[in-house]
Amino acid sequence: MIDPRFYLLRGPIAVANLAGGGRVQGNETRVVSGVASFDAAGPDDLAYFDGKGIAPKSTAGAILLREGAANSSHDGSTLIFCTEPRAAFARLAHRIAVPREFAAGAPAVDPTAIIEESAILSPGAVVGPDARVGAGTLVGANAVIGPGVAIGRRCRIGPAAVLSCALVGDDVTLLPGALIGQNGFGVAADALGPVDIPHFGRVIVQDGASIGAGVTVDRGLFGDTVIGELAKIDNLCQIAHNVTVGRGAIIAAFGGISGSVTIGDGAMMGGRVGVADHRSIGRGAILAAGSAVMHDVPAGETWAGYPAKPLRQWLREVAWLGRAIGKRDGGQG
Amino acid sequence: MIDPRFYLLRGPIAVANLAGGGRVQGNETRVVSGVASFDAAGPDDLAYFDGKGIAPKSTAGAILLREGAANSSHDGSTLIFCTEPRAAFARLAHRIAVPREFAAGAPAVDPTAIIEESAILSPGAVVGPDARVGAGTLVGANAVIGPGVAIGRRCRIGPAAVLSCALVGDDVTLLPGALIGQNGFGVAADALGPVDIPHFGRVIVQDGASIGAGVTVDRGLFGDTVIGELAKIDNLCQIAHNVTVGRGAIIAAFGGISGSVTIGDGAMMGGRVGVADHRSIGRGAILAAGSAVMHDVPAGETWAGYPAKPLRQWLREVAWLGRAIGKRDGGQG
Amino acid sequence: MIDPRFYLLRGPIAVANLAGGGRVQGNETRVVSGVASFDAAGPDDLAYFDGKGIAPKSTAGAILLREGAANSSHDGSTLIFCTEPRAAFARLAHRIAVPREFAAGAPAVDPTAIIEESAILSPGAVVGPDARVGAGTLVGANAVIGPGVAIGRRCRIGPAAVLSCALVGDDVTLLPGALIGQNGFGVAADALGPVDIPHFGRVIVQDGASIGAGVTVDRGLFGDTVIGELAKIDNLCQIAHNVTVGRGAIIAAFGGISGSVTIGDGAMMGGRVGVADHRSIGRGAILAAGSAVMHDVPAGETWAGYPAKPLRQWLREVAWLGRAIGKRDGGQG
């Protein structure tokens, strides 16, 4: 369910008004008031099904899907047929919900924000409506705490950091310029061209986590992007939508974690590690600097390389290649 | 020609006053009032020629060049001979033109800026003189819209984004902390040491383009850096001076596009792709994550690797290397 | 010694009050008033020894170390035994010193800051207590100059740049969003889990250096991170704690320089070069784009590859691999 602290629900809208020219099947008078993933959608939600074949059973109020993707298991949902369901969703969703923004003429610190007494707002800090800043927290100069954002106690929010759609625990450090909670990167396409997928989730930063300077953490598509307790993220990393970073995991500079990746507790990544989307890095796994991970990495293993493979194998390849060249060239390498 | 919305032209200056100790050949009383690339320079412009051999014919008013690089085809230009023309240009150009800046004591929103009625400026936003913000556009908290910058309609400029020397179309999204229009990276050197090349171009962001959080887009040296219509750029990418990103092209996180690269319409790049300067990526080409592209990539092809090569070839190398090591080591890999 | 311009020394504290449950050996009534590296610590400083074996001789007032790491050479120091000295230091150091921050209700430009007459502060710029901005320097819109930061003459500090714990020379350029002087990345761990290492050093940016948009430069752990005279750093680079970048060195975009690396004068790095911690890049060395450097690189050499090796060797490997695959596959590559 969309968190109303971060999204403005624009009121129930009749499915018939969403369909455009698309064919509607089922109850045309149904209204929806939210958006959700296909799996989690309830009777008040609009969802989309972009997979191949027949959509699984769903409790969604309305579903955007392709002709041929429906059967009798969808009798409870109003169906909107379209050629590109994901793109159609991207173009329609703003009619149901949009991120809350600052109003014209809003003050730098909104009177509805709750700033606990011992919190400090440095000069130029902006705090949105209904935001919360806990006791002992320091908000840096020119930082931006967006509408509804909640920050716990004893946090240090660096200068020029920006938070939106985020819930931050206690004892969290954000270094300067950390950018937390913006829309994730997703592009759908239809006959009109590419379109950004709007994201309706949040970022959760758990207690004691630290996030480096210039890091970007995108909010989830529907669910949450989670930075686990005591996780330590170095400068200029990119954490995409719906990633989960485990407790105490460590990511060195330029780490790039693609959408929906899960990183186990205590995993460690050297600099410039990339992980492809939907992959899983096991608990305590180690990824050497520069690894480009395209497969799941089992717990406790150490991998390296582009593409990444177990460290021993990578070292063997590197050494072997050096020897082979040396031999061929008479050892002059 | 330099865009006076972004650069302060400091008035005509006599070539004789620019020459320092350099030998001047031709009309010493000539004055120049602008700077331009060697190819595009007109009779009022100072240009430089840094190539090998004899400079081609030029209509430039004045040319910085090396002894021996001139012949009778330059009779119309005043010539200033120097040992390092590019460095000489870098050290002289500020006497002809400089970027417009905020004045001391300037207000946060300059009274000469034109903010259309339905645009929203969030708290802390700074808007420079002669800037324009179109109807329905939202400027985020603590964003900076530099002098002369024009932003179209229905754009979303994220918090802490910074724009200078930029023209932005309609329906453009800049996520938080996007940095658009700063000086490009270029270093010349002479006996005094390295010197930054001043850039006099712009950034053009066309309609419907989206630029991620923390992305940097440098302005052109003389011409423009162009982000094409509906192009989609993920977080923490670097787009260098004079790059052209084609319509609907997609660049995932950490993409690094070096100076003067052309990216064709609809090209797609996975995460952490680098492209060397002056290369061309064809229409619809696909570059796998991590590719380091040092050659032109033909339209429609898929490449991968470091250095990048056609995907099939790269996959073959990766597989072959794995097998070779496995065989040598008795399959214990 | 900690620079009191940047750190608040919280007053002498008795070693007995720092020990927690740890065993103390030596003068328990000793007080310390600073923190320092093990090598540099004097009689008023707390230091830690995290190495293997017996700690070398030290003049530190108090030392956190493991049982068994001490001998009679430490008679002059008060010893605090603990299981994880580095983590213990991380948890204790804030009782001795903390970075200076803005006070609640502080003005945007602190009255104790010294702004020379011809300096320009753009709208939204924040300048902390005791900061200095030299003549002819331009501070961009919404930039943040932290407490005690000193900036020389004729500098250009870009919009949204953030400086803390930094001393900046003359004629320095920081492009927009450059983030200078934040805490370095270091994680210690003990039974309570991972903990950030607090950094007590500075960033020194020498005359004529240029730092790109979105670049992060972390301050030193105890000593300084130094950006040498006329060094040129492109956008989105990461310069870790205690790095020294030599005079006139050039680092292209996405350069990642790990902790305590030394880069020689005039060294040049292509885009996306990474250097592992504590490595040394010799004077005038060249690192090709994408190099991942895990060894020291001698002066004047050119290296490339992942892992990086001398360029000739790397080119040979790349070419050989291509031929080997081609041969095996009947030249269809």
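> For this particular structure, what's the right way to read the relation of the copies chain A and chain B?
Two copies of a chain can be linked by a rotation about an axis combined with a shift along that same axis. With an RMSD of 0.1 Å, chain A superimposes on chain B once it is rotated by 120° and translated 0.0 Å along the axis. As the rotation angle and translation indicate, the two copies are arranged about a three-fold axis.

> Could you clarify how one ought to interpret the domain arrangement of chain A in this entry?
Interfaces are often sized by the accessible area lost when the parts come together. All names here are of chain A. Here chain A is partitioned into domain 1 (7–99) and domain 2 (161–312). Centre-to-centre, using C-alpha coordinates, domain 1 lies 30 Å away from domain 2. Contact residues are listed per partner, giving 14 residues for domain 1 and 19 residues for domain 2. Between domain 1 and domain 2 the total buried area reaches about 1,300 Å² when both faces are included, carbon and sulfur atoms providing 69% of it. Per-residue buried area on domain 1 facing domain 2 is highest for Y7, R86 and R91; these three make up 45% of the total on that side. Where domain 1 meets domain 2, there are 1 salt bridge. One salt bridge in this structure joins R91 and D190, with 2.8 Å as the shortest N-O distance.

> I keep staring at the sheet that holds strand β35 (residues 274–275) of chain C and nothing clicks. Help me out?
Picture the strands of a sheet paired through backbone hydrogen bonds; they go either parallel or antiparallel. Residue and element names in this part refer to chain C. The 9 strands lie next to each other as β12-β15-β18-β21-β26-β29-β32-β35-β38, forming an open sheet whose pairing is parallel. Either end of the sheet is taken by a strand with one partner, and the two such strands are β12 (126–127) and β38 (292–293). Where strand β32 (residues 256–257) lies against β35, 2 bridges are found, and the strand directions are parallel. What sits directly across from G256, in β35, is G274.

> Got a minute to help me understand the side chain of K232 of chain C in this structure?
Position of K232 of chain C among the secondary structure elements: in strand β28 (residues 232–233). For K232 of chain C, a relative accessible area of 3% gives the class buried. Reaching out from K232 of chain C, the side chain makes a polar contact with the backbone oxygen of G208 of chain C at a distance of 3.0 Å. Engagement of the side chain of K232 of chain C in a polar contact is seen with the side chain of S210 of chain C, the distance being 3.0 Å. Apart from residues no more than four positions distant in its own chain, K232 of chain C is found in contact with F185, V187, P194, V195 and D196 of chain B together with G208, S210, A249, I250 and I251 of chain C.

> I would appreciate a short explanation of the packing of aromatic side chains in the present structure.
Each aromatic ring pair is described using two quantities: the centre-to-centre distance and the angle formed by the ring planes. One pass over the structure, following the stated rule, counts 24 aromatic pairs over all chains. Pairing F89 of chain B with F200 of chain B gives two aromatic rings, centres 6.3 Å apart and planes at 80°, and the pair type is edge-to-face. Taken together, the positions of F89 of chain B in helix α2 (residues 85–92) and F200 of chain B in the loop between β23 (193–196) and β24 (202–205) put the pair 111 residues apart, joining distant regions of the chain. Of the two residues examined, F89 of chain B and F200 of chain B, each falls in the buried class. Residue placement shows R272 of chain C over the ring face of F254 of chain C; its charged tip is 4.6 Å from the ring centre.

> I keep staring at the interface of chain A and chain B and nothing clicks. Help me out?
In this complex, chain A contributes 44 residues to the contact, which on the side of chain B involves 47 residues. Contact with chain B buries surface across chain A, with F185, Y306 and W320 of chain A losing the most and accounting together for 21% of the total. Counting the contacts that link chain A with chain B gives 2 salt bridges. Residue R156 of chain B pairs with E101 of chain A through a salt bridge whose shortest N-O separation is 2.8 Å. At the surface where chain A touches chain B, the tally comes to 12 residue pairs in polar contact (both at pLDDT 80 or more). Within the residue set of the side of chain A that touches chain B, elements represented by two or more residues are β21 (179–182), β23 (193–196), β26 (216–218) and α3 (311–328) of chain A. Ranked by residues supplied to the side of chain A that touches chain B, first place goes to α3 of chain A with 6 residues. A breakdown of the residues in the side of chain A that touches chain B according to their chemical character gives 25 nonpolar, 12 polar and 7 charged.

> Which parts of the structure should I look at to understand the pattern of salt bridges?
Once their charged atoms are close, side chains differing in charge can pair, the charge on each being opposite to the other. A full pass over the atoms with the stated rule returns 45 salt bridges over all chains. Residues R66 of chain A and E84 of chain A are paired through a salt bridge, measuring 3.1 Å at the closest nitrogen-oxygen approach. Of the two residues, R66 of chain A is situated in the loop between β7 (62–65) and β8 (78–81) and E84 of chain A in the loop between β8 and α2 (85–92); the sequence distance between them amounts to 18 residues. Judged by its relative accessible area of 26%, R66 of chain A is partly exposed. Given the relative accessible area of 31%, E84 of chain A is considered partly exposed. For D3 of chain C, the salt bridge identified is with R202 of chain C, shortest N-O distance 2.9 Å. Taken as a pair, D3 of chain C in the segment before β1 (7–9) and R202 of chain C in strand β24 (residues 202–205) lie far apart in primary sequence, 199 residues in all. A relative accessible area of 9% places D3 of chain C in the buried class.

> Explain the relation of the copies chain C and chain A to me, please; I cannot follow it from the model alone.
The two copies are related by a screw motion: chain C maps onto chain A through a turn of 120° and a shift of 0.0 Å along the axis, at an RMSD of 0.0 Å. Mapped onto chain A, only 18% of the interface residues of chain C again fall at the interface, so the copies present different surfaces.

> Would you mind going over the interface of chain C and chain A with me for this structure?
Taken together, the contacts link 44 residues of chain C with 48 residues of chain A. When chain C packs against chain A, the two sides together hide about 3,300 Å² of surface, and 67% of this comes from carbon and sulfur. It is F185, Y306 and W320 of chain C that lose the most area in chain C upon contact with chain A, and together they represent 21% of the buried surface on that side. At the boundary of chain C with chain A, the tally comes to 2 salt bridges. There are 12 residue pairs in polar contact (both at pLDDT 80 or more) connecting chain C and chain A.

> Looking at this structure, I do not really get the pairing of strand β23 (residues 193–196) of chain C. What am I missing?
Here is the key point about a regular strand: its side chains alternate between the two faces of the sheet. Residue and element names in this part refer to chain C. Of the pairings in the sheet, the one linking strand β22 (residues 187–190) to β23 comprises 4 bridges and is antiparallel in character. Paired with A188 across the bridge in β23 is V195. Count of turn residues in the β22/β23 antiparallel hairpin: 2 residues.

> Help me understand the pairing of strand β24 (residues 202–205) of chain A, please; the structure alone is not making it clear to me.
All names here are of chain A. Where strand β19 (residues 166–168) lies against β24, 3 bridges are found, and the strand directions are parallel. In the strand pairing of β24, V168 is matched with V205. Pairing of β24 with strand β27 (residues 224–227), which is carried by 4 bridges, proceeds in the parallel orientation. Bridge assignment links V203 to a residue of β27, and that residue is T225.

> Help me out: how do you make sense of empty space enclosed by the protein in this one?
Gaps left between atoms show up when a probe the size of a water molecule is rolled over them. A complete count under the given rule lists 1 cavity of 30 Å³ or more for this structure. One number sums up the size of the largest cavity: a volume of about 160 Å³. G177 and L179 of chain A, G177 of chain B together with G177 and L179 of chain C are the residues nearest the centre of the largest cavity, which is lined by 15 residues in total. When the residues that make up the lining of the largest cavity are grouped by side-chain class, the tally is 9 nonpolar, 6 polar and no charged.

> I tried to follow the environment of R283 of chain A on my own but got confused; where do I start?
All names here are of chain A. Relative to the helices and strands, R283 resides in the loop between β36 (280–281) and β37 (286–287). In the structure, R283 is positioned 168 residues away from I115 in sequence and 37 Å away in space, judged by C-alpha atoms. Leave out the neighbours within four places in its chain, and R283 touches G264, D265, A299 and G300.

> Would you mind going over α2 of chain A with me for this structure?
Turn by turn, an α-helix covers 3.6 residues, leaving residues three or four places apart pointing in a common direction. Residue and element names in this part refer to chain A. The element α2 is largely enclosed, with a buried count of 6 among its 8 residues. Within the sequence span of α2, burial applies to P85, A87, A88, F89, A90 and L92. Looking at the packing, one finds that the buried side of α2 touches α1 (15–18), β5 (34–35), β6 (45–48), β7, β22 (187–190) and β23.

> Please explain the sheet that holds strand β15 (residues 144–145) of chain A as it appears in this structure.
Residue and element names in this part refer to chain A. With parallel pairing, the 9 strands of this open sheet are ordered in space as β12-β15-β18-β21-β26-β29-β32-β35-β38. This sheet does not close on itself; its edge strands, each paired only once, are β12 (126–127) and β38 (292–293). Alignment of strand β29 (residues 238–239) against strand β32 (residues 256–257), held across 2 bridges, turns out to be parallel. Note that in β32 the partner of I239 across the bridge is I257.

> Got a minute to help me understand unusual backbone geometry in this structure?
Most peptide bonds take the trans form, and the phi angle of most residues other than glycine is negative. Backbone torsion omega between Y306 of chain A and P307 of chain A reads -5°, so that peptide bond is classified as cis. Mapped onto the fold, P307 of chain A is located in the loop between β39 (302–304) and β40 (309–310). At F254 of chain B, a position not held by glycine, the phi torsion is positive, near 65°. Position of F254 of chain B relative to the elements: it lies in the loop between β31 (250–251) and β32 (256–257). By relative accessible area, F254 of chain B is classed as buried at 2%.

The rules behind these values
- Residues numbered from 1 in each chain as written.
- Chains lettered and ligands numbered in written order.
- Predicted model: local features only at pLDDT ≥ 70, side-chain atom pairs only at ≥ 80, totals over all residues.
- Heavy atoms only, no water.
- Least-squares fit on C-alpha atoms with pLDDT ≥ 70 in both.
- Domains from an automatic or database assignment.
- Contact = heavy atoms within 4.5 Å.
- Buried area = accessible area lost by both parts, 1.4 Å probe.
- Salt bridge = Lys/Arg side-chain N within 4 Å of Asp/Glu carboxyl O.
- Pairing = 2+ DSSP bridges.
- Helix = DSSP H or I, 4+ residues; strand = E, 2+ residues; numbered from the N terminus.
- Buried < 20%, exposed > 50% of the residue type's maximum accessible area, 1.4 Å probe, protein only.
- Polar contact = N/O pair within 3.5 Å; in protein donor to acceptor, adjacent residues only side chain to side chain.
- Phe/Tyr/Trp six-rings, centres within 6.5 Å; stacked < 30°, edge-to-face > 60°.
- Lys NZ or Arg CZ within 6 Å of the ring centre and 35° of its normal.
- Nonpolar A, V, L, I, M, F, W, Y, C, P; charged D, E, K, R; others polar.
- 1 Å grid on protein atoms, 1.4 Å probe; cavity = no way out; pocket = protein on both sides within 12 Å on 5 of 7 lines; lining within 4 Å.
- Points joined across faces, edges and corners; volume = space filled by probe spheres on them.

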